[in-house]
Amino acid sequence: MNKMGEWRRSHYSGQLSSENQDEEVTIAGWVHEIRDLGGVMFLVVRDREGEIQITLPDSKVSDNLSQKASNLNKESVVMVRGIVKEDERAPGGFEIIPEQIKVLSQAKTPLPFEVSGNVNTDLSTRLNSRFLDLRRSEIASIFKVRNTVLTKVREFLETDGFIEINTPKMVATATEGGTDLFPISYFEREAFLNQSPQLFKQMMMSSGLDKVYEIGPIFRAEEHDTHRHLNESISIDIESAFADHNDVMEILEEMIAYIIEGVKKECKKELKEIDSKVEEPELPLKRLRYEEAIEIANQKDIDVLWGEDLSTPAEKAIGEEIGDYYFIVDWPSEIKPFYAQPKDENSDLSKAFDLMHPEFEISSGAQRVHNIELLKERMIQQGLDPNDFDFYLDAFEYGMPPHAGWGLGAERLIMAITSQSNIREVILFPRDRKRLIP
């Protein structure tokens, strides 16, 4: 049965103002609190914009209505129709004296964990009932910020002339080689979940689209179990023709600044809710050479040998020294993918870069190799067979311009902006070594 009938919400809690005084409104949401003080009962109803107090004085509401309210369980779904009254003691400064209450869905008791008040529940339990976890204002605030971040990404890139593309997530060949792949059964043959849109976005540089971007899932079968790794995540990728690594680094740092500026302006309430004091970086960001980075780590008694990637302790030590977002440039070619352009013909360095937050890496990019012979040579050097990449190399046979690009981890960026210590807090349903449901 349609319990709503002809009723429809007229206002969210955050939309009530002095102009609604003595006006009849209809609100809808979840019962957050129930308090019976004898002679007056209070319901606090929560929607996505906040909370609204429903006040039921014995002198103003019927016994049937009071009884209906007293029979409610917390987190039940209701619609309330009543008259708005200003009251500075109430959440948001307004209360509703109800005329009717519709109970649309009675919540089961006990709850998996309490939603109101101080929630002292471990992350795993919260993730098991993520739908309930999201009813908490501080958790919902993270995902409102996430929405704004992705909106600002699109605004910035579209304004800068980028065209959005969508690339396959089921592929026949690993993007970068290696074994960190999820194999899947694809009819009569084996396929893999894609690690990155890298090869496809480079192929688009041969198409004449010039500047492309994608926001989509990537899959990495790395056996990590840390607070900053996932096996399925969202990657923000760009590729730009007739550009080098410096050009796309400028795009990246300007986009980060644009996103943070937008979040600070549009998510003031949410940032306050999660106690995040994010600050816009000062541009241009510092360019730290790989050689300088490992020197800083070594000076802080964290051993990093030339040609090694940076460990988590090394990243944190360097971040403490720099204190803001920064780039690491001039990486050794041997530890960067085959498609990273060498700095020059006789150099062991590449035109690759990483964008670092003081706590962790959030993006990697490079100018790409656009010469097919050098590309094949780099593949062989890294133990790859060029014959496995014919579909990709074909795009380099018929006119491939110089190009560059990067991939940015959406969750890493949102983790930084929202000041979260665990990446699982900023994605709805995390996928890691232990978690495949819900």
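Predicted, not measured: the structure shown is a model, and the values here were computed from it. (Residues numbered from 1 in each chain as written. Predicted model: local features only at pLDDT ≥ 70, side-chain atom pairs only at ≥ 80, totals over all residues. Heavy atoms only, no water.)

### Concerning the overall build of the protein
And then number 1: In terms of regular secondary structure, the protein is built from 12 helices and 16 strands.
And then number 2: In terms of overall dimensions, the protein has a C-alpha envelope of 90 × 55 × 40 Å along the principal axes.
And then number 3: Burial status across the protein gives 52% buried among its 438 residues.
And then number 4: Sequence-distant contacts, at least 24 apart, represent 66% of the contacts inside the protein between residues at least 6 apart.
And then number 5: Carbon and sulfur atoms provide 47% of the accessible area of the protein, an area that totals close to 21500 Å². (Helix = DSSP H or I, 4+ residues; strand = E, 2+ residues; numbered from the N terminus. Buried < 20%, exposed > 50% of the residue type's maximum accessible area, 1.4 Å probe, protein only. Contact = heavy atoms within 4.5 Å. Areas by Shrake-Rupley, 256 points an atom, 1.4 Å probe, with all protein chains shown as cover.)

### Side note on the environment of Gln-381
And then number 1: Of note, Gln-381 is situated in helix α10 (residues 372-381).
And then number 2: Overall, the relative accessible area of 53% leaves Gln-381 in the exposed class.
And then number 3: Residues Gln-381 and Thr-173 lie 208 residues apart in sequence; the distance between their C-alpha atoms is 18 Å.

### Brief notes about the sheet that holds strand β14 (residues 352-356)
And then number 1: Taken together, the eight strands give an open sheet; going across it, the order is β6-β10-β11-β16-β15-β14-β13-β12, and neighbouring strands pair in mixed fashion. Edge positions in the open sheet fall to β6 (163-164) and β12 (286-289), since each of these has one partner strand only.
And then number 2: Two elements, strand β15 (residues 361-367) and strand β16 (residues 403-409), share five bridges in a ladder whose sense is antiparallel. Directly across from Ser-364, in β16, lies its bridge partner Gly-407.
And then number 3: The strands touched by helix α6 (residues 245-266) within the sheet are β11 (232-241), β12, β13 (326-329), β14, β15 and β16, with β16 carrying the most contacts at an inclination of about 30 degrees. (Pairing = 2+ DSSP bridges. Axes fitted to C-alpha atoms, helices over the stretch in contact; angles between N-to-C directions.)

### Describing unusual backbone geometry
And then number 1: Residue Pro-284 follows Leu-283 across a cis peptide bond; omega there is -5 degrees.
And then number 2: Note on placement: Pro-284 falls in the loop between α7 (268-273) and β12.
And then number 3: Residue Pro-438 is reached from Ile-437 by a cis peptide bond, and omega for that bond is -5 degrees.
And then number 4: Relative to the helices and strands, Pro-438 is located in the segment after α12 (410-417).
And then number 5: Unlike most non-glycine residues, Asp-330 shows phi in positive territory, near 60 degrees.
And then number 6: Relative to the assigned elements, Asp-330 resides in the loop between β13 and β14.

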